[in-house]
Structure formats: structure tokens, C-alpha cells
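So you can see what is in the structure, the chains are spelled out below.
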Amino acid sequence: MADLLIKAEGETDPNYGTFPDERPIEDHIKRGIINLDKPSGPTSHEIDSWVKRILGVEKTGHGGTLDPKVTGVLPIGIDYATRAIQMLLGADKEYVCLMHLHEEISETEIRNILKEFQGKIFQTPPLKSAVKREMRVRNIYYVNILEIDGQDVLFKIGCEGGTYIRKYCHDVGEALGIGAHMAELRRTKSGPFEEDKTLTTLQDLTDAYHIWKEEGDESLIRDCILPMELAVKHLPKIIIRDSAVDAVCHGADLAAGGVVSLDDNIKTDDTVAIMTLKGELVAAGESLKTSKEIYKANKGIVIDVKKVFMEPETYPKMWK
């Protein structure tokens, strides 16, 4: 966990912006993300369109596509949050996988090969992928074997975003010399989203929406839909003055004078989330300096802003 470096004193005006947990319900939905438990069968895009229809919203988008048969954590962004959900694409993932080996082999050999398939591995994306098919390196952080039953191996794998588990199983089978394939897969984590009490089914969402619309009780829909700020929970943060917010909303890069506080673990070229003093997500950008350098800087640009999530004029214009 990062510690917070306090660079300057800062107060926030209650007349502008809103604490994420206190948004009016319509605004909460439009700036919300659902930690959806994807069922087996539909495509990720079909899930998007069903959520859009259930909630009657303009836009929905998911973070990190799951194949139709794959189940589990599929974060869905609504309206303004569809851009924020893109911040999850490179985030770390975790899966529980059932791999079927094509021939009998000793348990020792299985355990040994899965130890070898940790750390940095090389992968070529499969034929049916949305990205260019070229060799790339992916990090496998851990592989925990849960059960071995004959030719079936159940394991939990933590990996870098963009790792193909189907290809992983195929490559393990090749290395063993007997062949293998992915029989079943469930995603248990996508960045900060995981299998916890926030995980919501399509039925939960439908029921919560109808209870809000018909009975005026918004508590369940608030439980189903989370503030979009959760999409950047895994990123280092920089908190800025109210007076700097509108300039950043107009696409200006962040200068040292606008910084109130920051996480102490920022490195040059890191992707950083820019937040208000109320905890609202303003933008994301690339850090031009380390935490220590930003803390000491009195002038100059410290963050190259790449994506803006807050609309201009949410906070008053204080720039010329």
C-alpha cells in the first residue's frame, strides 16, 4: 500500500462536484460500474446490451472481454464510466481454470511443469483474437494447484492483463508432450474487481432496478452499481486543488502548483489517476516525474494528461 505525501494544504468547496458515494441516484447510475457475474453462453457484448436495456441507459461497455463460455467477473461501465472502464484493460487478472490433459501423466510432472510456467512467459495470441498475432511476454504471478483428478487439473492463476489462458493450457500440454486444453474457465479478479459481496448477477440488477422504479427504494440499485472511481483503485493517485480541476477537464496537463497530495510510489512513465479533494476521478495521465520529484517541484508540468473523465465546468473556471 502506498503512503500519502502531503504537498500543500487544500480545501474543497461543497458547492461544486460531489463525493462519489453521495451522488444523486440518476448520476450514480450514469457514473457507475457493475461488478457483473457473467454467465456461460452470451458474449461480453451481448451482456453490455442487456445491461443497457435493463437500466434504459445510453451507453455501456465492459472491461476485458470474456469468451462466451467463460464465466465470472466482467466489470460493466455505464454512460460516463464507459471511458473509465478502459483503465482495466492492462490490469492484473485472476482465473480458476480446469485444464484437461490428453494422456495420463504423473502428478509430479504436472506440478513441475506448472512451476516452470510462472514468471515471464512468451505467448502468441490465438487465431480467434482481437489483437495482432505476434509473440509477446506476459507475467504469470502465481499458479496454485487446487486439485488433480486423473487427467483433470484445477488451478488458480494470477497473471498480467492480456494473458490467454486457453493458449496457456495448450502450451503446457505441448511442454508435457501429451497435449492439453482448457475445459472450463472462470475469472475471479479483474484489477480491483473480484468475487466479493459487490458481485452482481443480471437478475440481481433487474430486481434492484424494478424495486427502485416501482417502490422508490434505491438502496439495492446503489449496492449493484459502484462509483466509477473503483476502476482506477489499482493506479497510483494524485489529488488536485479545486482550482486546477477545470483546466484538466479541458485537457490541460497537470502542473506542480495544482497538486495537493500524492501517493509515494509513483515512478516516471506510470499511469496515474488524477482525483479531486472529494475523491472524484478527473483524468488519467502519464507521470513525467517520480513522487519525490513531484513533491519537491514548485513549477512545471508533472503529469501528461491522456484521458479526461470529468465534464468541463463541473468545477469553476480558474484559468485564463
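Everything numeric in this text was worked out from a predicted model, so none of it was measured.

### Considerations on the overall build of the chain
Now for step 1: Broken down by element type, the chain carries nine helices and 17 strands.
Now for step 2: Projecting the C-alpha coordinates of the chain onto the three principal axes gives extents of approximately 70 × 55 × 30 Å.
Now for step 3: Per-residue burial over the chain gives 47% buried out of 320 residues.
Now for step 4: Restricting to contacts in the chain with at least 6 residues of sequence separation, those with at least 24 account for 70%.
Now for step 5: In the form shown here, the chain has an accessible surface area of approximately 16,000 Å², with 49% of it arising from carbon and sulfur atoms.
Now for step 6: Distance between charge centroids for the chain: 6 Å, based on 41 positive and 53 negative side chains.

### Here we look at the sheet that holds strand β16 (residues 281-287)
Now for step 1: An order of β1-β14-β12-β15-β16-β17-β13 is seen for the seven strands of this open sheet, with the pairing classed as mixed. Looking at strand neighbours, the two that pair on one side only are β1 (4-6) and β13 (254-255), the edges of this open sheet.
Now for step 2: Both strand β15 (residues 271-275) and β16 contribute to a ladder of five bridges, which runs antiparallel. The residue bridging isoleucine 274 from the neighbouring strand is alanine 283, located in β16.

### What to know about the pattern of salt bridges
Now for step 1: Considering all chains together, one arrives at 11 salt bridges under this definition.
Now for step 2: The closest approach of N and O atoms between aspartate 304 and lysine 306, which form a salt bridge, is 3.1 Å.
Now for step 3: On the basis of relative accessible area, aspartate 304 is assigned to the partly exposed category, the value being 22%.

### Considering a nonpolar patch on the surface
Now for step 1: Taken together, Phe122, Met135 and Val137 make up a surface patch of nonpolar side chains, about 330 Å² in accessible area.
Now for step 2: Positionally, phenylalanine 122 belongs in strand β6 (residues 119-123).
Now for step 3: Since its relative accessible area comes to 59%, phenylalanine 122 is described here as exposed.

### Brief notes about helix α8 (residues 242-249)
Now for step 1: Counting buried positions along α8 yields seven of eight residues, so the element is predominantly enclosed.
Now for step 2: Taken as a whole, α8 has its buried residues at Asp242, Ala244, Val245, Asp246, Ala247, Val248 and Cys249.
Now for step 3: Elements that come into contact with the buried residues of α8 comprise β12 (237-240), β13, β15, β16 and β17 (301-308).
Now for step 4: Looking at the residues trailing α8, positive phi occurs at glycine 251, about 95°.

### Observations regarding the environment of glutamate 109
Now for step 1: Secondary-structure assignment places glutamate 109 in helix α4 (residues 107-116).
Now for step 2: In this structure glutamate 109 comes out as partly exposed when scored by relative accessible area, which is 41%.
Now for step 3: Between the C-alpha atoms of glutamate 109 and leucine 205, which are 96 residues apart in sequence, the distance is 45 Å.
Now for step 4: A polar side-chain atom of glutamate 109 sits 3.1 Å from a polar atom in the side chain of serine 106.

### Let's talk about the layout of surface pockets
Now for step 1: Space inside the second largest pocket adds up to approximately 470 Å³.
Now for step 2: In terms of lining, the second largest pocket is formed by 15 residues, of which the most central are Met1, Lys233, His234, Leu235 and Lys237.
Now for step 3: The residue inventory of the lining of the second largest pocket, partitioned by class, reads eight nonpolar, three polar and four charged.

Cut-offs used in this document
- Residues numbered from 1 in each chain as written.
- Predicted model: local features only at pLDDT ≥ 70, side-chain atom pairs only at ≥ 80, totals over all residues.
- Heavy atoms only, no water.
- Helix = DSSP H or I, 4+ residues; strand = E, 2+ residues; numbered from the N terminus.
- Buried < 20%, exposed > 50% of the residue type's maximum accessible area, 1.4 Å probe, protein only.
- Contact = heavy atoms within 4.5 Å.
- Areas by Shrake-Rupley, 256 points an atom, 1.4 Å probe, with all protein chains shown as cover.
- Lys, Arg positive; Asp, Glu negative; His and termini not counted.
- Charge placed at Lys NZ, Arg CZ, Asp CG, Glu CD.
- Pairing = 2+ DSSP bridges.
- Salt bridge = Lys/Arg side-chain N within 4 Å of Asp/Glu carboxyl O.
- Patch = residues over 30% accessible without salt bridge, like charges linked within 9 Å, V, L, I, M, F, W, Y side chains within 5 Å.
- Polar contact = N/O pair within 3.5 Å; in protein donor to acceptor, adjacent residues only side chain to side chain.
- 1 Å grid on protein atoms, 1.4 Å probe; cavity = no way out; pocket = protein on both sides within 12 Å on 5 of 7 lines; lining within 4 Å.
- Points joined across faces, edges and corners; volume = space filled by probe spheres on them.
- Nonpolar A, V, L, I, M, F, W, Y, C, P; charged D, E, K, R; others polar.

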